[in-house]
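Take a look at the letters that make up each chain.
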Amino acid sequence: MATIELAEDAARRFLRYVQIDTQSDEDSEEYPSTAKQLDLLRLLVDELRAIGLEDAVIDEHGYVTATLPSTVDREVPAIAFFAHVDTAREASGAGVKPQRIRYDGGEIVLGDSAR
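Reference entry: report on the structure contained in this document.

Definitions and limits used
- Residues numbered from 1 in each chain as written.
- Predicted model: local features only at pLDDT ≥ 70, side-chain atom pairs only at ≥ 80, totals over all residues.
- Heavy atoms only, no water.
- Axes fitted to C-alpha atoms, helices over the stretch in contact; angles between N-to-C directions.
- Helix = DSSP H or I, 4+ residues; strand = E, 2+ residues; numbered from the N terminus.
- Parallel < 35°, antiparallel > 145°, perpendicular 65-115°, else oblique.
- Contact = heavy atoms within 4.5 Å.
- Nonpolar A, V, L, I, M, F, W, Y, C, P; charged D, E, K, R; others polar.
- Core = buried A, V, L, I, M, F, W, Y, C linked by side-chain atoms within 4.5 Å.
- Buried < 20%, exposed > 50% of the residue type's maximum accessible area, 1.4 Å probe, protein only.
- Polar contact = N/O pair within 3.5 Å; in protein donor to acceptor, adjacent residues only side chain to side chain.

## A word on the packing of helix α1 (residues 3-17) against helix α2 (residues 37-50)
- Remark: α1 packs on α2, axes separated minimally by 11 Å, with the N-to-C direction vectors making an angle of 155°. One way to sum up the angle between α1 and α2 is to call them roughly antiparallel. Where α1 approaches α2, its residues R13, R16 and Y17 are matched on the opposing element by L40, L43, L44 and E47.
- Split into classes, the residues belonging to the contact of α1 with α2 amount to four nonpolar, no polar and three charged.

Here it is as structure tokens:
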């Protein structure tokens, strides 16, 4: 897969991930703190398995782990990837509508504010 295709695939995935409501619950004694956080965790595990990482799992604390086998015939260090999947309780994770905009310089206006 060409570099541009990989970048586009990563961008599409990211935009899909950020639309999943993962708001946390500070009063919860469960891990993860809300059941809806499992939606993103399960999606990540499914996608890791789909690309061949057969040992992808969610542990009892809500961490996803997987192993990418080495492609060389010598001892090499392992590479780890860690992600935090919850949205802070102060901000709703529902109804997110991400935008992908080409930035050509200048002011960045957030939300519906107009100057």
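## Structural notes on the nonpolar core
- Grouped together as the largest cluster of nonpolar side chains are eight residues: Y17, L40, L41, L44, V45, A56, V64 and V85.
- Excluding anything up to four places from it in sequence, L41 contacts P32, I58, G62, V64 and V85.

## Points about the side chain of T34
- Within the secondary structure, T34 is located in the loop between α1 and α2.
- By relative accessible area, which is 14% here, T34 ends up buried.
- One polar contact links the side chain of T34 to the main-chain carbonyl oxygen of Q23, over a distance of 3.1 Å.
- Setting aside residues up to four positions removed in sequence, T34 forms contacts with Q23, S24 and D25.

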